[in-house]
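Take a look at the letters that make up each chain.
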Amino acid sequence: MYLDSCLITDNGAWEPGTAFFVTDGGMLHATTCIFTGNDVYWEQLFGPPRTPGVVYAGNGAFVSIESCTFTGNNAPGLFPPGSGFQHQTAVLRLYNGTATVRNTILVDNMDGTGMNLAVWDEGGSTVNVEYSCTTAEFPGTGNIVADPLFASIEGQVLNLQPDSPCIDAGDPALSDPDGSRSDMGAIPFNGTTSENTSDAIPLRFSLEQNAPNPFNPTTSIAFTLSTSDNAKLAIYDITGRHV
């Protein structure tokens, strides 16, 4: 499977691989994709505790992740701290699998106990992480432990601020669209993006509450789109009549 410039969000699962479960020799290639808001509700009642993952690769599977952003993925934690059960959510969980990660941001993916893991190998796997930004130190060429300084988190805008350490910190063999050295993450810095910029691209569609409310005779309704396109907003009253 090949993914390019995709948003993977709002997925939930009771077992590992809340976004993708790749096994038995399968392959996943993800490029310039954003993974956010995915939740793993793992409850291990029997046997040893295990680690959920946004992407799972097992039994000979191969996963390639390049220039992606993983943030805001969670394993809420069904057992209280000190119960002896783990809820460590890894962005990528492997068991007898192979994975390569390059030019990728993996930060703020949390579980119920406050752990923040990028990659977790249960055994027998080959993992190569290079030129990536993580919350905890991870071996590999060009990796950094840093806050990527997203333009916004709550607003779901993951453009890089001008002073982000991820700018021009990616694999020097790769270039961004402007010809400069590649950045880490799914959205290259465009030279103008800041926290209050109007050109930051929201990750998903949203429709805001109208204001003022109540109103007479006019009101305003704001909405955002994840892509630049024409849009039509239709209003109906409580009887279903178009107004």
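As the structure is a computational prediction, the values presented were derived from the model and not from experiment.

The rules behind the values
Residues numbered from 1 in each chain as written. Predicted model: local features only at pLDDT ≥ 70, side-chain atom pairs only at ≥ 80, totals over all residues. Heavy atoms only, no water. Pairing = 2+ DSSP bridges. Helix = DSSP H or I, 4+ residues; strand = E, 2+ residues; numbered from the N terminus. Axes fitted to C-alpha atoms, helices over the stretch in contact; angles between N-to-C directions. Core = buried A, V, L, I, M, F, W, Y, C linked by side-chain atoms within 4.5 Å. Buried < 20%, exposed > 50% of the residue type's maximum accessible area, 1.4 Å probe, protein only. Contact = heavy atoms within 4.5 Å. Phe/Tyr/Trp six-rings, centres within 6.5 Å; stacked < 30°, edge-to-face > 60°.

Q: Would you explain the sheet that holds strand S17 (residues 126-130) in this entry?
A: Two modes of strand pairing occur in sheets, parallel and antiparallel, and in both the strands are linked by backbone hydrogen bonds. One open sheet accounts for five strands, arranged S1-S5-S9-S13-S17; its pairing is parallel. Strands at the two margins of the open sheet, each flanked by one partner only, are strand S1 (2-4) and S17. Sheet twist, expressed as the average angle between the axes of neighbouring strands with direction ignored, equals 5°. Sheet analysis places strand S13 (residues 98-102) next to S17, joined by five bridges and oriented parallel. Following the sheet pairing, Val 101 is matched in S17 by Val 129.

Q: Please explain the pairing of strand S5 (residues 27-31) as it appears in this structure.
A: Within a regular beta strand, the side chains point alternately toward one face of the sheet and then the other, so they alternate between its two faces. Where S1 lies against S5, three bridges are found, and the strand directions are parallel. Within S5, the position partnered with Leu 3 by the bridge is Ala 30. As defined by bridge partners, S5 adjoins strand S9 (residues 62-66) across five bridges and the pair is classed as parallel. In the strand pairing of S9, His 29 is matched with Ser 64.

Q: Hey, could you run me through the nonpolar core in this one?
A: A general feature of soluble globular proteins is that nonpolar side chains tend to end up buried together. Residues Phe 20, Phe 35, Val 55, Val 63, Phe 70 and Leu 92 are the most contacted members of the largest nonpolar core, which totals 26 residues. Sorting the residues of this core by element identifies strand S4 (20-23), S5, strand S8 (53-58), S9, strand S12 (90-95), S13 and strand S16 (117-121) as the ones contributing at least two each. Apart from residues lying up to four places away in sequence, Val 55 is in contact with Phe 20, Leu 28, Phe 35, Val 63, Phe 70, Val 91, Leu 92 and Arg 93. Counting residues in hydrophobic clusters, the runner-up holds 14 residues, among them Leu 158, Cys 166, Ala 169 and Met 184.

Q: When you look at the sheet that holds strand S6 (residues 34-36) in this model, what are you seeing that I'm missing?
A: Here we have six strands laid out as an open sheet, ordered S2-S6-S10-S14-S18-S19, and parallel in their pairing. With partners counted over all chains shown, the strands left at the sheet margins are strand S2 (7-9) and strand S19 (144-145), one partner each. Two strands pair when backbone bridges link them, and strand S14 (residues 105-107) and strand S18 (residues 133-134) are joined in this way by two bridges, in the parallel orientation. From the neighbouring strand, Leu 106 faces S18, where its bridge partner is Thr 134.

Q: How should the environment of Ala 186 be read in this particular structure?
A: As for its placement among the helices and strands, Ala 186 is situated in the loop between S19 and strand S20 (206-207). Beyond its immediate stretch of four places on either side in the chain, Ala 186 contacts Thr 32, Cys 33, Ile 34, Ser 67, Cys 68 and Thr 69.

Q: Explanation requested: the packing of aromatic side chains in the structure shown.
A: Within a pair of aromatic rings, the relevant descriptors are the distance that separates the centres and the angle that separates the planes. Under the defined criterion, the tally for this structure stands at three aromatic pairs. Judged by centre distance (4.6 Å) and plane angle (15°), the ring pair of Phe 21 and Tyr 56 falls under stacked. Highlighted residues: Phe 21 in strand S4 and Tyr 56 in strand S8, separated in sequence by 35 residues. Relative to Phe 70, the ring of Phe 35 has its centre 4.2 Å away and its plane inclined at 5°; by these criteria the two rings are stacked. Placement of the pair is Phe 35 in strand S6 and Phe 70 in strand S10 (residues 69-71), with a sequence separation of 35 residues. Each member of the pair Phe 35 and Phe 70 is classed as buried. Every member of this aromatic cluster is reached through a ring pair, and the members are Phe 20, Phe 35 and Phe 70.

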